[in-house]
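# Structural overview for review
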Amino acid sequence: QVQLVESGGGLVQAGGSLRLSCAASGSIFSINDMGWYRQAPGKERETVAIIAPGGETKLVDSVKGRFTISRDNTKNTIYLQMNDLKPEDTAVYYCNAEVLDSILYNGRDYWGPGTQVTVSS
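What counts and what doesn't
Residues numbered from 1 in each chain as written. Predicted model: local features only at pLDDT ≥ 70, side-chain atom pairs only at ≥ 80, totals over all residues. Heavy atoms only, no water. Salt bridge = Lys/Arg side-chain N within 4 Å of Asp/Glu carboxyl O. Buried < 20%, exposed > 50% of the residue type's maximum accessible area, 1.4 Å probe, protein only. Helix = DSSP H or I, 4+ residues; strand = E, 2+ residues; numbered from the N terminus. Lys, Arg positive; Asp, Glu negative; His and termini not counted. Polar contact = N/O pair within 3.5 Å; in protein donor to acceptor, adjacent residues only side chain to side chain. Contact = heavy atoms within 4.5 Å. Pairing = 2+ DSSP bridges.

This brings us to the pattern of salt bridges. Two side chains of opposite charge can pair, provided their charged atoms sit close to one another. Inspection of every chain in the model, using the stated rule, returns 4 salt bridges. With a closest N to O distance of 2.6 Å, arginine 38 and glutamate 46 form a salt bridge. Its relative accessible area of 6% is what places arginine 38 among the buried residues. Across the salt bridge formed by aspartate 89 and arginine 66, the nearest N and O atoms sit 2.7 Å from each other. Placement of the pair is aspartate 89 in the loop between β8 (77-82) and β9 (91-101) and arginine 66 in the loop between β6 (57-59) and β7 (67-72), with a sequence separation of 23 residues. Beyond isolated ion pairs, a larger network of salt bridges with shared partners links Arg38, Glu46, Arg66 and Asp89.

Spelled out as structure tokens, the structure:
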């Protein structure tokens, strides 16, 4: 079993900052890409940022210059530093990891339960 747990969401005023964390635990042999996704009410889930094991990152255009994704491979944890938040960033943020488990050596995607980020204007 592999679990992902997000933390750090909350309510913030426009222009403020939040830092999300996501820790993976359980029967992990290795982790490939990890990332953050978000889903606003009435909208489809979208990719926010992805980080490879070596640190290469990809961010959606709407957050470039404001959000930074980072990773600590020793802790199987990723972070999303969100600055200059805007009301349109309001969504449930989900963590994703491509995990090779250490029991059956199966590779699959795992998701966290999500954390709410609300930005007031």
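This part is about the side chain of aspartate 101. Mapped onto the fold, aspartate 101 is located in strand β9. Buried and unpaired, aspartate 101 has arginine 108 as its nearest opposite-charge partner, separated by 7.6 Å. Within the structure, aspartate 101 has its side chain in polar contact with the backbone nitrogen of isoleucine 103 (distance 2.8 Å). Those residues in contact with aspartate 101 that lie beyond four places of it in its chain are Ser27, Phe29 and Asn106.

Next up on the list: the pairing of strand β10 (residues 107-111). Relative to β10, β9 runs antiparallel, the two sharing 5 bridges. Across the sheet, asparagine 96 pairs through a bridge with tryptophan 111, a residue of β10. Counting the residues in the hairpin turn of β9 and β10 gives 5 residues, including tyrosine 105, whose phi is positive at 55°.

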